[in-house]
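# Coordinates in review
Below, each chain spelled out in residue letters.
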Amino acid sequence: MTKTESLHQPRYDWSAEEAEALISRPFHDLLAAAHEVHRTRNDPHVIEAAMLLSIKTGACPEDCAYCPQSAKWNTGLKAERLMPTSDILAAAERAQKAGATRFCMGAAWREPNDQQVADVGDAVREVGALGMETCATLGMLTAEQANTLAEAGLDYYNHNLDTSPEYYGEIITTRVYQDRLDTLAHVRHSGVKLCTGGIVGMGESREDRAGLLAQLAQLDPHPESVPINLLVQVPGTPLFGTEKLDPLELVRTIAAARLMMPQSVVRLSAGRNEMTDELQALCLHAGASSIFLGDRLLTTANPGATRDDALLTRLDTSLAML
Ligand code: SAM
Ligand code: DTB
Ligand code: SF4
């Protein structure tokens, strides 16, 4: 196999050590290789746009140290029950008008009950009928619950591994890594596509970022969608005040994800509100090709239309159509 072929051929046997060697390559070599893979598969001037809605907010029993929605931290967030389907549909229509092709419904649950899954399934059917791609992120699922969502026509399920297996216990104690992997397996079995990635900037090492990427790239097939979030530091959460990550480490993480999972869509997810246009441009050059639109993620701020329109214009980039 030639060197170029090997770059483009998906592999599922990535070790954390190999991933660390890749992420640690000389910066320009890493970026050039990632951009080469990127543009053979994607038009670098076209970006996929998704929009998020928090359909059930706050009061979550989990203790994720980054998350403003955990009941364990005092972040001043007002908890809200599951939204009626009609409100979810209205938000999806607004998202579609704003140019989003995927609508992602997020709920602050550790694990939904069957009634909650059925209710979200109804929303999925209605949003799907608009001609949008649907995504949901509801916490841990049983195999049956994943099947229920598949029957409702759900396109993607988001469930992040967040960090390396070694660092996981520093961030969350109320569930274990294997719980996350089990839900990913149930989703895969159901036929719903996988959206799974992680967060950087939580005080982890480069080795941990490589460890996360190796876990993701060991999934066979690779996740269709890989969100890379930069921690949004929310006052009241344990990670508020964590030393800021060198932004070029985010760029390296995206480039390595692009190389290790050549067929996946890598999303530059949370954290864009604090990024310069120039940093976002580097992330998109390194192989990210998807963003969240709108002025809100789930509960925190996102750049919004005015800033994003200006960014896309500066980069001669347009939004993908379905
Ligand atoms: N409760 C479900 C779960 O944890 O899977 C779904 C919602 S949860 C908010 C979805 C993802 O948002 C988390 O897995 C985490 O990766 C990301 N997230 C939450 N808070 C964040 C923050 N402050 N900064 C960056 N990403 C965050
Ligand atoms: C993902 O990886 N990032 C999105 C989506 N999946 C659900 C969520 C980011 C949440 C950021 C914190 C907040 O707005 O509450
Ligand atoms: Fe709950 Fe999800 Fe936030 Fe963790 S990330 S506290 S599971 S809403």
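The structure under discussion appears in the preceding block.
Predicted, not measured: the structure shown is a model, and the values here were computed from it. (Residues numbered from 1 in each chain as written. Chains lettered and ligands numbered in written order. Predicted model: local features only at pLDDT ≥ 70, side-chain atom pairs only at ≥ 80, totals over all residues. Heavy atoms only, no water.)

### Let's talk about the nonpolar core
As a reminder, the rule being used: To define a nonpolar core, start from buried Ala, Val, Leu, Ile, Met, Phe, Trp, Tyr and Cys residues and group those joined through side-chain atoms within 4.5 Å. When a residue's accessible area, from a 1.4 Å probe over protein chains only, is under 20% of the maximum for its type it is buried; when over 50% it is exposed; and in between it is partly exposed. Numbered from the N terminus, helices here are DSSP runs of H or I no shorter than four residues, and strands are runs of E no shorter than two.
In this structure, Tyr66 and Phe103 are the most contacted members of the largest nonpolar core, which totals 89 residues. Ranked by residue count, the leading element in this core is helix H10 (residues 247-260), at 8 residues. Ala50, Leu52, Cys104 and Tyr156 belong to the second-largest nonpolar core, a separate cluster that totals 10 residues.

### Some words on the pairing of strand S1 (residues 46-56)
Note the cut-off: When DSSP finds two or more bridges between a pair of strands, those strands are recorded as paired. By convention, a crossover is right-handed whenever its connection, traced from the first strand over the helix to the second and viewed with the strands pointing away, goes clockwise.
Along S1, 10 of the 11 residues are buried, which leaves the element largely enclosed by surrounding structure. Where S1 lies against strand S10 (residues 318-319), 2 bridges are found, and the strand directions are parallel. Opposite Ile47, over in S10, you have Leu319 as the bridge partner. Inspection of the sheet shows S1 paired to strand S9 (residues 288-292) by 3 bridges, in the parallel sense. Opposite Ala49, over in S9, you have Ile291 as the bridge partner. Bridge count for S1 against strand S2 (residues 102-107) is 6 bridges, and the pairing is parallel. Across the sheet, Leu52 pairs through a bridge with Cys104, a residue of S2. One crossover worth recording links S1 to the parallel S2 by way of helix H4 (residues 85-97), and it is right-handed.

### Quick look at the packing of aromatic side chains
Counted only if it meets this: Each aromatic pair joins two rings of Phe, Tyr and Trp (for Trp, the six-membered one) with centres within 6.5 Å, and gets the label stacked for planes under 30 degrees apart, edge-to-face for over 60, and tilted for any other angle. Remark: a charge is flagged as sitting over a ring if the NZ atom of Lys or the CZ atom of Arg is within 6 Å of the ring centre and within 35 degrees of the ring normal.
Evaluated as defined, the whole model comprises 1 aromatic pair. Look at Tyr168 and Tyr177: their rings are 5.1 Å apart centre to centre, the planes differ by 90°, and that puts the pair in the edge-to-face class. The same class applies to Tyr168 as to Tyr177, namely buried. Positioned above the aromatic ring of Tyr156 is the side chain of Arg102, whose terminal nitrogen or guanidinium carbon lies 3.7 Å from the ring centre. Over the aromatic face of Tyr156 sits the side chain of Lys193, whose NZ or CZ is 5.3 Å from the ring centroid.

### Some words on the side chain of Asn160
Put simply, the test is: For this analysis, a polar contact is any N or O atom pair within 3.5 Å, provided that within protein one partner can donate a hydrogen and the other can accept it, and provided that sequence-adjacent residues contribute only side-chain to side-chain pairs.
Along the polypeptide, Asn160 turns up in the loop between strand S4 (156-158) and helix H7 (165-171). Judged by relative accessible area, which is 12%, Asn160 ranks as buried. Side chain to side chain, Asn160 and Asn158 meet in a polar contact 3.0 Å long.

### Quick word on the pairing of strand S3 (residues 133-137)
For S3, the buried fraction is high: 5 of the 5 residues fall into the buried class. Going residue by residue along S3, you find Glu133, Cys135 and Thr137 tucked away on one face and Thr134 and Ala136 tucked away on the opposite face as well. Since S2 and S3 lie parallel, the crossover through helix H5 (residues 114-129) that links them has a hand, and here it is right-handed. As judged from the 2 bridges shared by S3 and S4, these two strands associate in the parallel manner. Within the sheet, the bridge partner assigned to Cys135 lies in S4 and is Tyr156. Once the chain exits S3 it traverses helix H6 (residues 143-151) before rejoining the sheet at S4, and the crossover so formed is right-handed.

### Considering the site of ligand 2
Rule in force here: Being near a molecule or strand, for a residue, means having at least one of its heavy atoms within 4 Å of it. For the area figures, the Shrake-Rupley method with a 1.4 Å probe applies, and any residue is considered shielded solely by the protein chains shown. The distinction between a cavity and a pocket rests on a 1 Å grid over the protein atoms alone: a 1.4 Å probe fits inside a cavity but cannot get out, while a pocket stays open yet meets protein on both sides within 12 Å along at least five of seven lines, and a residue with an atom within 4 Å of a point counts as lining. Pocket or cavity membership: a molecule qualifies when more than half of its atoms sit within 2 Å of the grid points of that site. Think of it as three bins: nonpolar holds Ala, Val, Leu, Ile, Met, Phe, Trp, Tyr, Cys and Pro, charged holds Asp, Glu, Lys and Arg, and polar takes everything else, Gly as well.
Close contacts around ligand 2 come from 13 residues, with Asn160, Asn229, Leu298, Thr299 and Thr300 the closest. For ligand 2, an oxygen atom lies 3.0 Å from a polar atom in the backbone of Leu298. Within the side chain of Thr300, a nitrogen or oxygen atom sits 2.8 Å from an oxygen atom of ligand 2. Protein chains shield 89% of the accessible area of ligand 2, which is 400 Å² for the free molecule. The pocket occupied by ligand 2, as judged from atoms lying within 2 Å of grid points, is the largest cavity. The class makeup of the residues in the shell around ligand 2 is 7 nonpolar, 6 polar and no charged.

### A short note on the side chain of Asn302
Quick note on the threshold: By definition in these notes, contact holds between two residues if any of their heavy atoms fall within 4.5 Å.
Topologically, Asn302 is positioned in the loop between S9 and helix H12 (305-314). Relative accessible area serves as the criterion here: at 3%, Asn302 is assigned to the buried category. Engagement of the side chain of Asn302 in a polar contact is seen with the backbone oxygen of Phe292, the distance being 2.9 Å. Setting aside its immediate chain neighbours within four residues, Asn302 contacts Arg272, Asn273, Phe292, Leu293, Gly294, Asp295, Arg296 and Leu297.

### Re the site of ligand 1
Near ligand 1, the surroundings consist of 18 residues, among which Tyr66, Asn160, Asp162, Arg180 and Val232 are the closest. A distance of 2.7 Å is found between an oxygen atom of ligand 1 and a side-chain nitrogen or oxygen belonging to Asp162. At a separation of 2.9 Å, a nitrogen atom of ligand 1 approaches a polar backbone atom of Val232. Here ligand 1 has 550 Å² of accessible area as a free molecule, and 90% of this is covered by the chains. In this structure, ligand 1 is accommodated by the largest cavity. By residue class, the composition of the shell around ligand 1 is 11 nonpolar, 5 polar and 2 charged.

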